[in-house]
Amino acid sequence: MKGCVEWHKMNRRSFIAKTGMGVGAMALADPFLQTVANTYGQSAAGSGDLLVLCQLNGGFDVLSFLSPFKNSVYQGKRPVLALSQDDLTVLPDNSDFGINNLFPIFNELYAAGELAIVQQVGYPEANGSHFESQEVFEFGVRNLNGTVPGKWYERLRKTYFDEPFGVLDTRTIGDPSRYGYPDRTYHGAVQDAFARLSLEKQGTNEKRQAILDTYNRINVRGAEIRERTAEFESTGEERGEFYRAAQLAAAGLGTQIIKLSYGGFDTHGSQDQANLDLFPKINNHFAQFVADLKAMGMWDRTCVCFYSEFGRRNEENGSPGTDHGHGGHMILAGPRVNGGLHGQAVSTADLNEKSLPYYVDFRAVFASCIQDWLGFDPKPVFELNGETYDTNIGSSLFV
Amino acid sequence: MSYTTRLLCYVAITLMTVTGCNGTDPTGGGDGNGGNGNGGGLFGGGSSGSGEGQSLAKHGDQLTSDEAYHLLRRAAFGGTPEQVEQVVQMGLTAAVEDLLEQKPVPSEWEELAELHEDNIPRRWMVYLLESPNPLHERMALFWHDRFATSRRVVSGRDRNLAVIHWNMLRDQALGNYRTFLQELTIDPLMLIWLDGANSPKDNPNENYAREFWELFTLGRDILYTEDDIKESTKAFTGITLLRESEKDARPIYDLLNHDTSVKRILPSRVEPGDYDYLGMIDLTLDQPEAARYVARNLFVAFVHDNPSDAVVNDLAQTFTDSNFEIEPVVRRILTSQAMFSTDAIGSHITSPVEHVVGVFRTIDMHMHSEDSQGYILNALCNELARAGQDLLNPPGVEGWTEGEAWLEDQWLINRFWALSRTMEFGPDRTSDLPYHMLPPVERWAEREIRGEIVDTIASWFHLVLTEEEKDIYIEVLDQNGWRAFHLLEPDQQPRHVGELIRLIAVHENVITN
């Protein structure tokens, strides 16, 4: 397409014009040097490490991830769905549990001490609605009727490292090579007009201003995001959200938190079949991410946190699937996590309940990521409007 | 699928579906206690004080051109300057009746749509762009977002279930809500999507029961508890899908798998009893909260986000008075003072489909050529999917998140791309540009033409431009001064006008309406 070629030409021109930077200045060998420099330039504290938040939407069935396969209550409640020893790899340090073989990279990381599983996490008075529960995880507080100033990681950014690329959501950015106004005229006339209009106009109401704000963000960030992601080459062929995350991590934009999400975990029916597609997808996308970050020398300074709005019911339904439950596990991956099991192991008593209960508040896990990994004080983020939570996990999640 | 074999052993009775319920109550019922709030200026015509944002009293019949365009954008995605003028001539009441009247769709479009078989995005797009019943399509889209269901759970032959579901949405969109819920509950795609087809009494599945209240009828955590969900799940048991070769799967009632026990559903409100799915629908609609939920949703979809309790109750009354006919509620909303109030104007952020279809309907774009009906249509649907709205494939059971959630950076960017997929324009079926709405090409060599072109395009969208804005748009035509538009080679001019149309079509006042 003729138009595209011209557009790419324009990107380069307007990028250099806007940032006043030659190409050489961007070509830092280690993107993390850039990250650290940017971070320290903005705030006095912080480790400069990268936290990747991977939200599993729909309610992740943790009993199909980390299975108490020897437990007769588990086997009895799930005649079709329970995993047997053939389906999993028994943990080297706890022979009562095994990780599903549909997750080889997680097994590998666990064996290497690079996987921490915080068991039976949740929050008080759990809500069975996806949306309510997702909101609780996103905002880090119960619904306060719109009084919460943004998602918890956005609040963290505003408090400690208030810069445009501090937190990037793969869903917001999309395909970075498309991030900008697609100009098909000569000499970037439309792109320039788009930028000027967005900057010089005032929206006549809040919603209209919100559109202009997005346009401005696209204009300000666009050239830099396109330029810095253009050279990225993955080690593999997968093109999911983790690929986007690796692309953004490689860009060296001073990003401390990358957020991504995968859906499809609401497995009320044919769960065994659904998982045959879903689990390998997550596994393969994540495995490629680990390989990409290792290839760039960035894995050492990365922690990936997996979580879901709730776990699923202990007993399978007739479909065969599982309905919405309560407690679930949070999974931390990275070379500097304290590998192994944390929280309360799933017991017979827990399995006799309808759903797994929770023993660790999810905010305690995020707070540990903020404090022990990113090096910030989590208090202003989670102890909002006088709200408190149980900060105790019982063990340290990082080494 | 295990349930087909299980079925063979059981008594199965084909489900009777209720049809043809609408039309028995054609009145605009419930108008009796209409004029709530401040009863200001029944014949107020154009001007709107903010207090009218909460008034369901009838708006004056004479509309300004801006108001007529506002009505068409909200109720019909958009409209050409000619259609706007028609609405002004007709007056509000007649225009709304015209919108509500279902007209025959020209066979050209019926046939084209059918060619796309089970590709619902493309098939639906034919109607969205070309149907003479845009309000019906708009309403189908509204319900699709409320009763969100995805084609991604069906494959192979079952892909046709998406077509059946889509037809059901479009048939019921302005019909009777009770009938709609009855059809929805036994709709094959819905039965698969929310596992209703796989909920036998010995091992019931809560998925449909939960979303029936949370998303379809009452709203999150309204009235019901977790215990109520467990009880109501029993009422929905026994529905399953019968699969016969060479036929579409159809719902059947498997009596042996229906739980006939006494259910205690919403015990503070409802007598315990042996309810089935029809009983569940009836007992739910008996709760005043149900009519209010729909009334609020419809008001928000057409007017603004903050209806007062009085407005919601008043509309809910219209709804129950007409025995849950949807049309009288929509008629009342579209003809209300609130509809044209300052609270309403510009308060709605369009979805990608609403936005792009609205622009295309405004600039009189059509799909007559082979290219338009083939690869351009395909590309358009792909761009809209990348812009966040893949029809019949919403992100989850809750449908799409409306409002500011549409403003994700990449989703806006992909709207820009969708808008570049142009087809033919106007009665002359010209390619490239709607020449019939622009100043004549013979004058494009005149210097003043640049401002006229900008003004003309802005007028299609009823935008008022400042001088500074206008100058920036003129520079687009002039390529930032590299080559003045009126001096350009004629074959280069259309591209610049096309770019200008697209840039104006992403104006924040076009994305909102």
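Residues numbered from 1 in each chain as written. Chains lettered and ligands numbered in written order. Predicted model: local features only at pLDDT ≥ 70, side-chain atom pairs only at ≥ 80, totals over all residues.

### Overview of the overall build of chain B
As a reminder, the rule being used: Numbering of helices and strands runs from the N terminus; a helix is a DSSP stretch of H or I covering at least four residues, while a strand is a stretch of E covering at least two. For a compact globule the rule gives 2.2 Å times the number of residues to the power 0.38, and the radius of gyration it is set against comes from C-alpha atoms. The burial label depends on the number of other C-beta atoms within 10 Å of a residue's C-beta. Counts of 20 or more mean buried, 12 or fewer mean exposed, and intermediate counts mean partly exposed, with C-beta atoms placed from the backbone. Contact between residues is assigned whenever the C-beta positions, reconstructed from backbone atoms, fall within 7 Å.
Along chain B, the regular secondary structure elements total 23 helices and five strands. A compact globule built from 513 residues would reach a C-alpha radius of gyration of about 24 Å, and chain B, at 25 Å, matches this within 12%. Looking at chain B as a whole, 50% of its 513 residues qualify as buried. Contacts spanning at least 24 positions in sequence make up 71% of the contacts within chain B whose residues lie at least 6 apart.

### Focus on the overall build of chain A
Looking only at helices and strands, chain A features 14 helices and 11 strands. Here chain A holds 399 residues, and 53% of them are scored as buried. Considering only contacts within chain A whose residues lie at least 6 apart along the sequence, 76% involve residues at least 24 apart.

### A look at the nonpolar core
Rules: Throughout this description, the term nonpolar core refers to a group of buried Ala, Val, Leu, Ile, Met, Phe, Trp, Tyr and Cys residues whose C-beta atoms join them within 7 Å. An automatic or database domain assignment provides the domain bounds reported here.
With 249 residues, the main nonpolar core has Leu51, Cys305, Met330 and Val365 of chain A together with Ala295 of chain B as its most contacted residues. The element best represented in this core is helix α13 (residues 362-374) of chain A, accounting for nine residues. Shared between two domains, this core takes at least three residues from each, and those domains are domain 1 (56-102 + 291-340) and domain 2 (438-513) of chain B. Contact partners of methionine 330 of chain A, with chain neighbours within four places excluded, come to Val118, Val121, Cys305, Phe306, Tyr307, Phe362 and Val365 of chain A.

### Side note on the sheet that holds strand β3 (residues 88-91) of chain A
Sheets are built from strands that pair by backbone hydrogen bonding, the pairs being arranged parallel or antiparallel. All names here are of chain A. Put simply, the rule reads: Should DSSP find at least two bridges between two strands, the strands are taken to pair.
What the three strands build is an open sheet, ordered β2-β4-β3; its pairing is antiparallel. Every other strand in the sheet has two partners, leaving β2 (66-67) and β3 as the edge strands with one partner each. Of the strand pairs in this sheet, β2 and strand β4 (residues 94-100) are connected by two bridges, and their pairing is antiparallel. Bridging from a neighbouring strand, leucine 66 pairs with isoleucine 99 of β4.

### Observations regarding the interface of chain A and chain B
Counted only if it meets this: When residues are grouped by polarity, Ala, Val, Leu, Ile, Met, Phe, Trp, Tyr, Cys and Pro land in nonpolar, Asp, Glu, Lys and Arg in charged, and all others, Gly among them, in polar.
At the interface, 46 residues of chain A touch 45 residues of chain B. Elements with a contribution of two residues or more to the side of chain A that touches chain B: α5 (130-139), α7 (170-173), α8 (189-200) and α9 (206-230) of chain A. Classifying every residue of the side of chain A that touches chain B gives 15 nonpolar, 19 polar and 12 charged.

### Overview of the domain arrangement of chain B
When cut into domains, chain B gives domain 1 (56-102 + 291-340) and domain 2 (438-513). Computed over C-alpha atoms, the centres of domain 1 of chain B and domain 2 of chain B are 33 Å apart.

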